[in-house]
Amino acid sequence: EKSQDCMYLQYCKVCQSYKAPRSHHCRKCNRCVMKMDHHCPWINNCCGYQNHASFTLFLLLAPLGCIHASFIFVMTMYTQLYNRISFGWSSVKIDMSAAKRDPRPIIPFGLSAFAASLFALGLALGTTIAVGMLFIIQMKVILTNKTSIESWIEEKAKDRIQYYQTGETFVFPYDMGSKWKNFKQVFTWSGIPEGDGLDWPVRDGCHQYSLTIEQLKQKADKRVRSVRYRALEDYSGVCCPVTKGVKTFFTTPCTEEPRIALSKGDLILATRGLKHWMYGEKILDSAADGGIRERGWFPRKCVEKCQYDSETDQPVDGEKKNR
């Protein structure tokens, strides 16, 4: 509604529009998602503003269903094995040949049924623990009104302030200071979350664009810290390249972030890296590629650092800290 507010917002080159506060672009869904927390492969969708409550209830009911199933499996094995186990002085024997009580069970409980029940019990208990931990994480997200992405943004804000010694203080704007108020923004009697996903209530001392302004500062800082590299050899973009060395093969990043294919001579703007891998964006001709960005991991041994900085064509050594 106010065109001057565009200076406080991030622009999505893929969607060709400005991102609303707390919105992020999902590469898998190929769209910007309001209040995006993460992309969940199990529901094949993003967890965000519209379905945060439903997703959290799913994380609660799935472990409860698995606990119910575990109880059934345990009681089934107990009742079927009760008259089959004989305790001796030196060993415990289980007779799985036939039932020793009347009436006979409707479904014969043999060795294969015992193995299947034991396997299913293990799956049910494993799902209870794994999904239960995800439920605890999501409840923390809801009670602090801070998504996983926003927690990462807050950590980067602290790192930026400490790196440049600016003396400023970043206050997360959407935590209302009350867990109950944060809870009510997601869970309502109608099932529809509060607000419209665009404008959010903020705490005292903050305004609607406190987070987006910090994100713009971090993007500017990323451009300053980034270093230009040139590809020395081709890289196909596979997850675990065999031809790039044993260390590169076994230290591949354990993340769902993509890999980018490289051809000899390509220019890449690297923003972060590990010992044997780097993450960056391939420098493309914006007019030719239609605004599509190619970002991802690539082996460090495939590239070499350019002699001049990517943004200002100045020598990179000893300059970053001064900036």
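Quick notes on the rules
- Residues numbered from 1 in each chain as written.
- Predicted model: local features only at pLDDT ≥ 70, side-chain atom pairs only at ≥ 80, totals over all residues.
- Heavy atoms only, no water.
- UniProt positions renumbered as here; feature names shortened; annotations may be inferred.
- Phe/Tyr/Trp six-rings, centres within 6.5 Å; stacked < 30°, edge-to-face > 60°.
- Helix = DSSP H or I, 4+ residues; strand = E, 2+ residues; numbered from the N terminus.
- Buried < 20%, exposed > 50% of the residue type's maximum accessible area, 1.4 Å probe, protein only.
- Lys NZ or Arg CZ within 6 Å of the ring centre and 35° of its normal.
- Arc of directions from axis to C-beta.
- Contact = heavy atoms within 4.5 Å.
- 1 Å grid on protein atoms, 1.4 Å probe; cavity = no way out; pocket = protein on both sides within 12 Å on 5 of 7 lines; lining within 4 Å.
- Points joined across faces, edges and corners; volume = space filled by probe spheres on them.
- Nonpolar A, V, L, I, M, F, W, Y, C, P; charged D, E, K, R; others polar.
- Axes fitted to C-alpha atoms, helices over the stretch in contact; angles between N-to-C directions.
- Parallel < 35°, antiparallel > 145°, perpendicular 65-115°, else oblique.

- As recorded in an unreviewed UniProt entry, the protein goes by Palmitoyltransferase and comes from Tauraco erythrolophus.
- Under the heading Sequence similarities (unreviewed entry), UniProt records this for the protein: "Belongs to the DHHC palmitoyltransferase family."
- What UniProt records for the protein under Subcellular location (unreviewed entry) is the sentence "Membrane".

### Some words on the packing of aromatic side chains
1) Next: Applying the stated rule across the entire model yields 11 aromatic pairs.
2) Next: Taking 5.7 Å as the distance between ring centres and 90° as the angle between the ring planes, the aromatic pair formed by Tyr49 and Trp200 counts as edge-to-face. In this pair, Tyr49 sits in the loop between strand E6 (45-47) and helix H1 (52-81) while Trp200 sits in the loop between helix H4 (179-186) and helix H5 (210-225), placing the two residues 151 residues apart along the sequence. Of the two residues, Tyr49 and Trp200, neither departs from the other in class, the shared state being buried.
3) Next: Arranged with centres 6.3 Å apart and planes meeting at 75°, the rings of Tyr235 and Trp277 form a pair that is edge-to-face. With Tyr235 in the loop between strand E9 (227-231) and helix H6 (246-250) and Trp277 in strand E11 (residues 277-282), the pair connects residues that are 42 residues apart, well separated along the chain. Like Tyr235, the residue Trp277 is buried in the burial classification.
4) Next: When the ring centre of Tyr174 is taken as origin, the NZ or CZ atom of Arg22, which lies over that ring, is 4.3 Å away.

### What to know about H4
Side chains of residues three or four places apart in an α-helix project in the same direction, reflecting 3.6 residues per turn.
1) Next: Asn182, Gln185 and Val186 are the residues of H4 that are buried. Buried positions in H4, seen along its axis, are confined to an arc of 95° and lie on one side of it.
2) Next: Where H4 is buried, its residues meet H1 and helix H2 (111-144).

### Here's the deal with the layout of surface pockets
1) Next: Volume-wise, the second largest pocket comes out at about 370 Å³.
2) Next: In this structure, the second largest pocket is lined by 13 residues; those nearest its centre are Glu1, Lys2, Asp5, Asp199 and Tyr209.
3) Next: Residues that form the lining of the second largest pocket fall into these classes: 7 nonpolar, 1 polar and 5 charged.

### Side note on the packing of H2 against H4
1) Next: For the pair H2 and H4, the least separation of the axes is 6 Å and the interaxial angle reads 105°. Compared by their axis directions, H2 and H4 come out roughly perpendicular. Residues Met139, Ile142, Leu143 and Thr144 of H2 pack against Lys179, Asn182, Phe183 and Val186 of H4.
2) Next: For the contact of H2 with H4, a count of residues per class yields 5 nonpolar, 2 polar and 1 charged.

### Structural notes on the environment of Leu59
1) Next: Here Leu59 shows up in helix H1.
2) Next: What makes Leu59 buried here is its relative accessible area of 3%.
3) Next: Placed 71 residues apart in sequence, Leu59 and Ala130 show a C-alpha to C-alpha distance of 9.8 Å.
4) Next: With sequence-adjacent residues up to four places away left out, Leu59 is seen in contact with Val131, Leu134, Phe135 and Gln138.

### Some remarks on empty space enclosed by the protein
1) Next: Taken as a whole, this structure holds 2 cavities of 30 Å³ or more when the rule is applied.
2) Next: The volume enclosed by the largest cavity comes to roughly 50 Å³.
3) Next: Lining of the largest cavity is provided by Lys35, Tyr49, His52, Gln185, Val186, Pro193, Glu194 and Trp200.
4) Next: For the lining of the largest cavity, the residue count by class is 4 nonpolar, 2 polar and 2 charged.

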